[in-house]
Amino acid sequence: MRGMFRAVLYAQWKWSRLVVVLGTVAGFAIPLLSVQGAARPDRGALQTQELLRAVQSWGSAYPLLAAALGLLTAIAAWAADHRGRHIHALTLPLPRWQYVALRFGAGLALLTAPIAAVLIGALLGTVMATLPPGLQAYPIALTLRFALAVFVAFAVFFAVSAGTARTAGIILGAIAALVLVQVIVSGANLEWDLLGTLQVVLLQGPGPLAVFTGRWMLIDV
Amino acid sequence: MTYAIETEQLRYRVGKAFEIPALDLRVPTGSIYGFLGPNGSGKTTTIRLILGLLQPVSGRITVLGRPMPAQYARILRHIGYVPEQPHLDATMTVRELIDFQAAFYPRWDRARATELVERFELDEARLFGRLSKGQKAKLMILLALAQCGELLVLDEPTDGLDPVVRRDILSALIAYVSERGATIFISSHLVHELERVCDWVAVMDNGRLITESPMDKLKNGTKRLVVAGAPAEIGNPPFQLLTRESSNGAGEYWVVGNWEPDMTTYVESLGASIRDVIDLDLEEGFVELLRGFRAKGRAVRV
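Residues numbered from 1 in each chain as written. Chains lettered and ligands numbered in written order. Predicted model: local features only at pLDDT ≥ 70, side-chain atom pairs only at ≥ 80, totals over all residues. Heavy atoms only, no water.

Chemist: Got a minute to help me understand the layout of surface pockets in this structure?
Modeler: Picture a little ball the size of a water molecule; that probe, rolled over the atoms, points out where space is still empty. All names here are of chain A. Empty space within the largest pocket amounts to approximately 430 Å³. Considering the residues around the largest pocket, the lining is formed by 17 residues, among which Val156, Val160, Ile171, Ile175 and Leu202 are closest to the centre. Elements with a minimum of two residues in the lining of the largest pocket: α6 (139–162), α7 (165–187) and α8 (194–203). It is α7 that provides the largest number of residues to the lining of the largest pocket, a total of 6 residues. (1 Å grid on protein atoms, 1.4 Å probe; cavity = no way out; pocket = protein on both sides within 12 Å on 5 of 7 lines; lining within 4 Å. Points joined across faces, edges and corners; volume = space filled by probe spheres on them. Helix = DSSP H or I, 4+ residues; strand = E, 2+ residues; numbered from the N terminus.)

This is the structure in structure tokens:
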């Protein structure tokens, strides 16, 4: 099984190395860029606010990076199988769930590089910055949250992209039907906010995509 | 006799367009079994059912003594498969594809793979997508042979290839069979090619098996007879009357299957006489079998 994993990992590395390398560079750079201002020696109350604003302004880059990494790595994991109509994969001598697990595991293994880069960047940024009183750095918490976001994004997009064009059509059809129902409901002046409800269910805790929302702060009170 | 592949009342259906209603197939162990049929007859679908890539509606499939698709993972360890279309990743090199495949097969024969790379003159650093059609076919044969399976399932492996490449591939297959005693299940349009290498043959049309027989029996038993004075009704003959056509006053042409020389007495008992018995090669026999089947809509058991 180790040999199989190595083979799958190598293949996926070949397909998604550009994404992984760029993601790793970005993951390392974002925490460093977000604390640039904190390295100045003349700090005061205003600098604290400025620093928090600077850190917050970079905050949205983390979930965006996590989503992009999850999406692109998941697509790369299945692209070759889709092109070959899955014939090669389906004729390999192992249970299909194991093959899916190998692909999933290889994708996650590759994504540890950008996650590690975020950790190293966040730790370096924290060490280099002189924090005003009352502020604290959260490099580990930020990295864990980034790792969770990457995992969720990869898992969701991996599941979607593993399916056939028919599956993708069903998902898109369901979304289109939802929007259509909302338009009809709104046209009929009924107070039934389907999309709003869906947003709450998905994006607010404990929704499955809640990890992407809220404040992503390397430095906070 | 043991069978490497056995299907029993196998039924598969895709919408309303195509159906395999009840397929009974028996591929003897150690044979080179040719699977013939026109385009759209169901050869590739049958192969996919045998490999567990498709789920049958009903019926039973046994491959190498195990039920398919229930034990697909165990069975696929012993099967080398070459599909109709190249299915490998175009962005991987020949060497990378060989290494990838080797990781999944515990009985992978590295020495054989190396020998075949040299014999087929494959450039290991070349991307699969950059290989010619013949080189792609050779690489897929290499991958199927180096995994040392007991059964090779080849879906039109030489289709569209030049004669030199076809000969290279067929000689590699024959060498493998003689060395390992493996079974080969090969579908092809190239009837003459199958005639040279196969010892069993089956013909399929429109999802139905027309015939399944040892090659020599099919070839020797399929004849064109020139018959004079034949009555309209010939009763229940001991041979299969595939087609019957008049021949410009010289009597009739009958194409028959399962023919043996002593059957002339039956024809003569009808008040007819046989003026000539013409041997048919496999291609002619194949065409006549199809014509006869389509005219009568029934299977021919040879």
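Back to the write-up after that little detour.
Chemist: Honestly, unusual backbone geometry in this entry has me stumped. Any pointers?
Modeler: With glycine set apart, most residues show a phi of negative sign, and most peptide bonds adopt trans. Cis geometry is found at the peptide bond from methionine 68 of chain B to proline 69 of chain B, where omega equals 10°. By secondary structure assignment, the location of proline 69 of chain B is in the loop between β5 (66–68) and α2 (72–76). In this structure, histidine 86 of chain A is a non-glycine residue whose phi angle is positive, near 65°. Tracing the chain through its elements places histidine 86 of chain A in the loop between α3 (61–83) and α4 (87–90).

Chemist: It is not clear to me how the side chain of lysine 43 of chain B should be interpreted in this structure. Could you clarify?
Modeler: Residue and element names in this part refer to chain B. If you trace the backbone, lysine 43 turns up in helix α1 (residues 43–50). Here the side chain of lysine 43 touches glycine 37 through a polar contact of 2.8 Å, landing on its backbone oxygen. Apart from the residues lying within four places of it in its own chain, the contact partners of lysine 43 are Phe35, Leu36, Gly37, Pro38, Glu156, Ser187, His189 and Met204. (Polar contact = N/O pair within 3.5 Å; in protein donor to acceptor, adjacent residues only side chain to side chain. Contact = heavy atoms within 4.5 Å.)

Chemist: Help me understand the interface of chain B and chain A, please; the structure alone is not making it clear to me.
Modeler: The accessible area lost on association of the parts is a frequent measure of interface size. Contact with chain B, which involves 23 residues of that partner, is made by 21 residues of chain A. Buried area between chain B and chain A, both sides added, is near 2000 Å², and the carbon and sulfur share of it is 67%. Counting across the interface, chain B meets chain A through 2 salt bridges. Linking chain B with chain A are 10 residue pairs in polar contact (both at pLDDT 80 or more). Among the secondary structure elements, those contributing two or more residues to the side of chain B that touches chain A are α2 and α3 (94–104) of chain B. In terms of residue count, α3 of chain B provides more of the side of chain B that touches chain A than any other element does, 5 residues in total. Considering only residue class, the side of chain B that touches chain A consists of 14 nonpolar, 5 polar and 4 charged. (Buried area = accessible area lost by both parts, 1.4 Å probe. Salt bridge = Lys/Arg side-chain N within 4 Å of Asp/Glu carboxyl O. Nonpolar A, V, L, I, M, F, W, Y, C, P; charged D, E, K, R; others polar.)

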